[in-house]
Amino acid sequence: LGPGSVVVERPPPLTQKQTSLEECCRDGKERGLQGQDCAALPLISEFSTCRVAQEQCCLAVMENASCNQGVAVAREQRACDMLFSGSICEPKTAKTCCHCCLLGRAAMEQGLSCDLDLSVAYQCGQVFQTCCLEGLPEGDANNTQGTLDMQSGGGQCSHHCLGNGTCACFTGYKLKPDGRNCEDINECLLGSHDCQLGERCINTAGAYRCQREISCGSGYELTDSNTCKDIDECETGAHNCGLEFVCQNTPGSFQCQPGRQCGPGFIEDALGSCIDINECLSHTGACPAGQLCINTVGSYICQRNSPSCGRGYHLNEEGTRCVDVDECLGTDGVCAGHGCVNTIGSFRCECRTGYIFNSISRTCEDINECRHYPGRLCAHKCENVEGSYQCSCAMGFKLATDGRSCDDVNECESNPCNQECANVYGSYQCYCRRGFQLSDIDGITCEDIDECSLPVGGHICSYHCNNTPGSFHCSCPPEGYTLASNGRSCQDLDECVTGVHNCSQTETCFNVLGGFRCLSFELQMRWETLLDRPITCVKFCLPNDVSCLTDPVHSISHMVISLPTIRDFNRPEEIVFLRTAAPAHSAHWPNPHNIIFDIQGGNVQSSFDIVKRYERGAAVGVVRQVKPITGPLQTVLKVAMNHVTSGVISHRNIINLHIFVSKFWF
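Analysis parameters
Residues numbered from 1 in each chain as written. Predicted model: local features only at pLDDT ≥ 70, side-chain atom pairs only at ≥ 80, totals over all residues. Heavy atoms only, no water. UniProt positions renumbered as here; feature names shortened; annotations may be inferred. Helix = DSSP H or I, 4+ residues; strand = E, 2+ residues; numbered from the N terminus. Pairing = 2+ DSSP bridges. Axes fitted to C-alpha atoms, helices over the stretch in contact; angles between N-to-C directions. Salt bridge = Lys/Arg side-chain N within 4 Å of Asp/Glu carboxyl O. Expected span 1.5 Å × (residues − 1). Buried < 20%, exposed > 50% of the residue type's maximum accessible area, 1.4 Å probe, protein only. Arc of directions from axis to C-beta. Contact = heavy atoms within 4.5 Å. Patch = residues over 30% accessible without salt bridge, like charges linked within 9 Å, V, L, I, M, F, W, Y side chains within 5 Å. Areas by Shrake-Rupley, 256 points an atom, 1.4 Å probe, with all protein chains shown as cover. Left-handed = near helix turned anticlockwise from the far one by under 90°. Nonpolar A, V, L, I, M, F, W, Y, C, P; charged D, E, K, R; others polar. Disulfide = S-S within 2.5 Å. Core = buried A, V, L, I, M, F, W, Y, C linked by side-chain atoms within 4.5 Å.

Visitor: I'd love a proper account of the UniProt feature "domain: Anaphylatoxin-like" (unreviewed entry) in the protein chain, names of residues and values included.
Guide: As recorded in UniProt, the feature "domain: Anaphylatoxin-like" (unreviewed entry) lies at residues 24-58. As annotated, residues 24-58 comprises 60% helix and 0% strand, and the C-alpha atoms at either end are separated by 10 Å.

What follows is the structure, encoded as structure tokens:
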């Protein structure tokens, strides 16, 4: 065979000789062990029973292998979660055996008997007992096995031991090839049952049962002996006979017999009611020749035959001939108020205006003018009435004086709107003043627009939005802010400028967002104030003050910074710029000179940092807020400006940033 060739296995030729069921079963087992598809096995016989034996024995091998795999998983892993992989041919069987094995082990661990009857399937019961006995100590397991074997003779046989190592099985079982164990005989598969036609054979452990395939039908019930028994509706009360009837049971049904007999001229129907007998139909020659039979209730009468006149004629008084009927002389009004003209054997009607004569029904019928002249009679809607028509107008219009045209109605004259009304052709439109909107429910009422609840309402006012009918107004925090001239923004109130603070003479008032702070800075003897705001203290040392001369700090500055709470913080915010007095690289410095900025204290949760940049040749320290801060918060950020010469700090300037973070964003 070359590459890609396919080997096709062909079934053995069919012969007329019937292959034994043992050979068919053996072939199915071998193919099941090879992993072949049990539903598509090659046939070895032309008989259907051989095919069934092949398939069932193949499935038995596959299910037995899957069951063993399930038991193995239960023994090794004590769980059945791994039985869903594709490597198991019958995952349902494997999972069932795994669970039944776990039940057996659980019964052993709880000290229950391994012969416990759980009313489970036969295969599950066998697995349950096997796994339960495996978990017992050797002595207990032997004792239990001894108890089981006593019923089978105390040997190695699963049912009966006949001596000399020979085993026998109960009725309905057969000995397996190992000579010790017994397996159930499938009488339904082998055809050794005695089920009748219309019954289905169902195999059971050691036996079989026959079940009726077709139901018994109405009026019958299936008994425990698999036979159909008539239901006595009269005894069970399942009939519908009235009080005047007596129920009589029949096979598969019942009859209602009347409590009384029908009189002459009547007969009983199927429901037991008395109905009239039509003697003219049931009796031959009920009346003499020349007479007509007329049925009556309970009897009949005979009437002499007379000439039959056609429509529009009747017998004369003597009853000998037919004469014309003058329909117009009748009091019943054949033309219903219209003119009537008699004719021989008939009549005609002269109809009024708006009607037309129907020669078939011989009546005056109304003319539907709206249908005959569509769109030409009325401007809007035409409604037919008896003998005429009537025009009407659509909503929003009224009928004109000519009875056909339609004029627009000015609905606004009746004030239908809540606020403003505009008349339009055939209708009207309500609209609202500024600050209101038209109701979606009735289209008439004007509802207040809550500007504060609109998607942009949170940004209409800086602090709080108060809705009013048709408008709104903004308000600010009760202290530290005042409403701006635009009526929406809140601007800080500078208490230090207006003089509404309570700072003492020794304190300095600093305005912050939403308030003020009274701060005082006590200086030592060697410090003197150089500037006012920001307050800068410069060191002044005496010639003999060594500690002062060796202290690298030359100046201490105090600066007050007021910050809002940033709502959408997404990048660093630059808040302070610390500029040096001298250029970063100058010829005035004899040695290499550098300036280093750092934060020495007060950096709450590392919310700030300082970076150095160069602007116009000078070093600038930029203090930035790098994390969101929710106020109110107060801290003193201590920033150092270190002048480094040849790698050594020559002097240092300290800047104390008094940072006050407001709880508001404005």
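Visitor: Would you mind going over the sheet that holds strand 41 (residues 618-625) in detail, with residue names and values included?
Guide: A sheet is described by the order of its strands in space; here three strands give the open sequence 38-41-40, paired in antiparallel fashion. On the outer flanks of this sheet lie strand 38 (573-579) and strand 40 (608-615), each paired with one strand and no other. Within this sheet the neighbouring strands show an average axis-to-axis angle of 30°, counted without direction. Bridge analysis of strand 40 against strand 41 gives eight bridges, and the strand direction is antiparallel. The residue bridging Tyr614 from the neighbouring strand is Ala619, located in strand 41.

Visitor: Now, about the UniProt feature "domain: EGF-like" (unreviewed entry) in the protein chain: what can you tell me, with residues and values included?
Guide: The UniProt record annotates "domain: EGF-like" (unreviewed entry) at residues 324-365, 408-447 and 448-491. Taken end to end, residues 408-447 comprises 0% helix and 40% strand; its first and last C-alpha atoms sit 29 Å apart.

Visitor: An account of the pattern of salt bridges is requested, with residue identities and associated values reported.
Guide: Per the stated rule, a full pass over the model turns up six salt bridges. The partner of Glu420 in a salt bridge is Arg433, with the nearest N and O atoms 3.3 Å apart. Of this pair, Glu420 sits in strand 25 (residues 420-424) while Arg433 sits in the loop between strand 26 (427-431) and strand 27 (436-438); the two residues are 13 residues apart in sequence, bridging distant segments of the chain.

Visitor: Run through helix 1 (residues 21-33), naming residues and quoting values.
Guide: Its 13 residues place the ends of helix 1 18 Å apart at the C-alpha level, agreeing with the 18 Å of an ideal helix rising 1.5 Å per residue. Of all the residues in helix 1, the buried ones are Cys24, Cys25, Asp27, Gly28, Arg31 and Gly32. With its buried residues spanning 160° around the axis, helix 1 presents them on a single face. Along helix 1, the residues that are exposed and aim more than 90 degrees away from the buried face are Glu22 and Leu33. Looking at the buried positions of helix 1, the neighbouring elements they touch are helix 2 (48-77). Looking one or two residues beyond helix 1, the residue adopting positive phi is Gly35, at roughly 80°.

Visitor: Any details on unusual backbone geometry? Residues and values, ideally.
Guide: With an omega of 5°, the peptide bond between Gly631 and Pro632 qualifies as cis. Positive phi is not limited to glycine here, since Arg362 has a value of about 55°. Along the chain, Arg362 falls in the loop between strand 19 (355-358) and strand 20 (363-366). Positive phi, close to 55°, is recorded for Ser646, a residue that is not glycine. Its place among the elements puts Ser646 in the loop between strand 42 (633-645) and strand 43 (648-661).

Visitor: Run through a nonpolar patch on the surface, naming residues and quoting values.
Guide: Together, Leu103, Leu118 and Val120 line one region of the surface with nonpolar side chains, adding up to about 230 Å² of accessible area. Relative to the elements of secondary structure, Val120 occurs in the loop between helix 3 (91-109) and helix 4 (122-134). Overall, Val120 belongs to the partly exposed group, its relative accessible area being 40%.

Visitor: Hey, could you go over the pairing of strand 21 (residues 381-385) for me, with residue numbers and the actual values?
Guide: Looking down a regular strand, the side chains alternate between one sheet face and the other. Pairing of strand 21 with strand 22 (residues 388-392) involves five bridges; the strand directions are antiparallel. Pairing of Cys382 across the sheet is with Cys391, part of strand 22. The antiparallel pairing of strand 21 with strand 22 creates a hairpin that spans two residues between the two strands, and Gly387 there sits at a positive phi of about 80°.

Visitor: Explain the packing of helix 2 against helix 4 to me, using residue names and the numbers behind them.
Guide: Across the interface, helix 2 lies against helix 4 with an axial gap of 12 Å and an inter-helix angle of 35°. Along this stretch, helix 2 crosses helix 4, giving a crossing that reads as right-handed. From helix 2, Cys67, Val71 and Arg75 reach across to helix 4, where they touch Gln123, Val127, Thr130, Cys131 and Glu134. Split into classes, the residues belonging to the contact of helix 2 with helix 4 amount to four nonpolar, two polar and two charged.

Visitor: If you had to explain the state of the cysteines to someone new, which residues and values would you point to?
Guide: Summed over the entire model, instances satisfying the criterion amount to 29 disulfides. Across the disulfide from Cys280 sits Cys293; the S-S distance is 1.9 Å. Between Cys280 and Cys293, the S-S dihedral sits near -80°, and the bridge is therefore left-handed. Of this pair, Cys280 sits in helix 8 (residues 279-282) while Cys293 sits in strand 13 (residues 291-296), and the two are 13 residues apart along the sequence. With relative accessibility at 22%, the residue Cys293 sits in the partly exposed group. A disulfide bridge connects Cys393 with Cys406, and the sulfur atoms are separated by 2.0 Å. Sign of the S-S torsion, about -95° for the bond between Cys393 and Cys406, identifies this disulfide as left-handed. Of the two residues, Cys393 is situated in the loop between strand 22 and strand 23 (397-399) and Cys406 in strand 24 (residues 406-408); the sequence distance between them amounts to 13 residues. The pair formed by Cys393 and Cys406 is uniform in burial state, with each residue classed as buried.

Visitor: Please set out the nonpolar core residue by residue, giving values where relevant.
Guide: Counting residues in hydrophobic clusters, the biggest one holds 19 residues, and the most contacted among them are Leu578, Val623, Leu657 and Ile659. For this core, the elements supplying multiple residues, two or more each, are strand 37 (553-563), strand 38, strand 39 (593-601), strand 40, strand 41, strand 42 and strand 43. The element that contributes the greatest number of residues to this core is strand 43, accounting for four residues. Once residues within four sequence positions are removed from consideration, Leu657 is found in contact with Met559, Val576, Val623, Thr635, Val636, Leu637 and Val639. Of all hydrophobic cores here, the second largest spans twelve residues; its members include Val71, Ala74, Cys80 and Val127.

Visitor: Describe the environment of Leu633, and please don't skip the residues or the numbers.
Guide: Along the chain, the position of Leu633 falls in strand 42. In this structure, Leu633 is in contact with Val604, Ile659, Phe660 and Val661, ignoring residues within four places of it in sequence.

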